[in-house]
Amino acid sequence: GKSTLLRILAGLLEPTSGSFTFAGGRPRIGMVFQQSNLMPWRTALENITLPLEIQGVPADEACARAQELIDLVGLQGFEASWPRDLSGGMAQRVAIARALVHDPDILLLDEPFGSLDAMTRERMWTELSRIWQVRQKTVLMVTHSIGESLFLADRVLVLTQRPGRIKLDMGVDLPRPRADEIRYTAHFGKLARRLKETID
């Protein structure tokens, strides 16, 4: 139900019942999936410019905006790389840049690091946190990782099994910016225990 909720918010699915509203009208949405879903025949830069091309943004402006995102996600020098030549973490950085290039109001992340190995996944937590510090977007993320949710979020919602209902709504009062060391503090451990007890 969690991925379904994100797809409904993104306008990819119609709800079968119920409704939702956004304050201030329909926002611009960016979405990143568990798999990077890059076009294999387009370079990293060309994958990032795709949403702007669809919108009819002039090529020079699209490339300039994509280059800004390449710099933000730390992929300088890989602009001309094909998806097959990128590591899993690098491909997800391209996917995040593509989701941000049209300056969305809300960024939806559907387990974006779920397919990565543990070390790459943890590095991507730090990268995403850094990107958020720069862009300050509203982000709604689905994850099954307690550590990931606490490191990245200001608020964590735990959903029940079907039918999905909110079981816990917990604020995360950890200071920002967050460094990796915060995961080894007593307060982080206390929050993690509370989440685990709720899930169990």
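Since the model is a prediction, treat every value here as computed from it, not as a measurement. (Residues numbered from 1 in each chain as written. Predicted model: local features only at pLDDT ≥ 70, side-chain atom pairs only at ≥ 80, totals over all residues. Heavy atoms only, no water.)

A. Representation of helix α7 (residues 186-199) within the structure. An ideal rise of 1.5 Å per residue puts 20 Å on 14 residues; α7 measures up with 20 Å between its terminal C-alpha atoms. Within the sequence span of α7, burial applies to Phe188, Leu191, Ala192, Leu195 and Thr198. Viewed along the axis of α7, the buried residues span an arc of 125°, placing them on a single side of the element. Opposite the buried face of α7, by more than 90 degrees, sit the exposed residues Ala186, Lys190, Arg193 and Glu197. Looking at the packing, one finds that the buried side of α7 touches α6 (146-152), β4 (155-159) and β5 (166-171). (Helix = DSSP H or I, 4+ residues; strand = E, 2+ residues; numbered from the N terminus. Expected span 1.5 Å × (residues − 1). Buried < 20%, exposed > 50% of the residue type's maximum accessible area, 1.4 Å probe, protein only. Arc of directions from axis to C-beta. Contact = heavy atoms within 4.5 Å.)

B. Examining the packing of aromatic side chains more closely. Applying the stated criterion across every chain, the model contains two aromatic pairs. Ring centres of Phe20 and Phe22 lie 5.4 Å apart, and the angle between their planes is 85°; on these two criteria the pair is classed as edge-to-face. Residue class for Phe20 comes out partly exposed when judged on its relative accessible area of 33%. The lysine or arginine in question, Arg176, covers the ring of Trp132, its NZ or CZ lying 4.5 Å from the ring centre. (Phe/Tyr/Trp six-rings, centres within 6.5 Å; stacked < 30°, edge-to-face > 60°. Lys NZ or Arg CZ within 6 Å of the ring centre and 35° of its normal.)

C. Highlighting the packing of helix α2 (residues 44-55) against helix α4 (residues 88-100). Packing of α2 against α4 brings their axes to within 7 Å, and their N-to-C directions diverge by 30°. Between α2 and α4, the angle falls in the class roughly parallel. Handedness of the α2/α4 crossing: right-handed. Residues Ala44, Asn47, Ile48 and Pro51 of α2 form the contact with α4, whose own contacting residues are Val94, Ala97 and Arg98. Of the residues that constitute the contact of α2 with α4, the class distribution is five nonpolar, one polar and one charged. (Axes fitted to C-alpha atoms, helices over the stretch in contact; angles between N-to-C directions. Parallel < 35°, antiparallel > 145°, perpendicular 65-115°, else oblique. Left-handed = near helix turned anticlockwise from the far one by under 90°. Nonpolar A, V, L, I, M, F, W, Y, C, P; charged D, E, K, R; others polar.)

D. Fine view of the nonpolar core. Val32, Ile48, Val94, Ile96, Phe113, Leu150 and Leu195 are the most contacted members of the largest nonpolar core, which has 47 residues in total. The leading source of residues in this core is α4, at eight residues. Not counting chain neighbours up to four residues away, the residues in contact with Val94 comprise Leu38, Ala44, Asn47, Ile48, Leu75 and Leu86. Residues Leu6, Ala10, Ile29 and Val142 belong to the second largest nonpolar core, which totals eight residues. (Core = buried A, V, L, I, M, F, W, Y, C linked by side-chain atoms within 4.5 Å.)

E. Structural context of the environment of Ala153. Within the secondary structure, Ala153 is located in the loop between α6 and β4. Separated by 20 residues in sequence, Ala153 and Gln133 have C-alpha atoms that sit 12 Å apart.

F. View of the pairing of strand β2 (residues 106-110). The buried count for β2 comes to five of five residues, which makes it a mostly enclosed element. Residues Ile106, Leu108 and Asp110 of β2 are buried on one face, and the alternating residues Leu107 and Leu109, pointing to the opposite face, are buried as well. With four bridges connecting them, strand β1 (residues 29-32) and β2 associate as parallel partners. Of the residues in β2, the one forming a bridge with Met31 is Leu108. Sheet topology places β2 next to strand β3 (residues 138-142); five bridges connect them, and they run parallel. (Pairing = 2+ DSSP bridges.)

G. Inspection of unusual backbone geometry at higher detail. The linkage connecting Arg176 with the following residue, Pro177, adopts the cis geometry, with an omega of -5°. Turning to its location among the elements, Pro177 is positioned in the loop between β5 and α7. If you check the backbone angles, Asn37 has positive phi at about 55° while not being a glycine. If you trace the backbone, Asn37 turns up in the loop between β1 and α2. By relative accessible area, Asn37 is classed as partly exposed at 44%.

H. Fine view of a nonpolar patch on the surface. Residues Leu157, Leu159 and Ile166 make up a contiguous nonpolar surface patch of roughly 260 Å² in combined accessible area. Secondary-structure assignment places Ile166 in strand β5. (Patch = residues over 30% accessible without salt bridge, like charges linked within 9 Å, V, L, I, M, F, W, Y side chains within 5 Å. Areas by Shrake-Rupley, 256 points an atom, 1.4 Å probe, with all protein chains shown as cover. Salt bridge = Lys/Arg side-chain N within 4 Å of Asp/Glu carboxyl O.)

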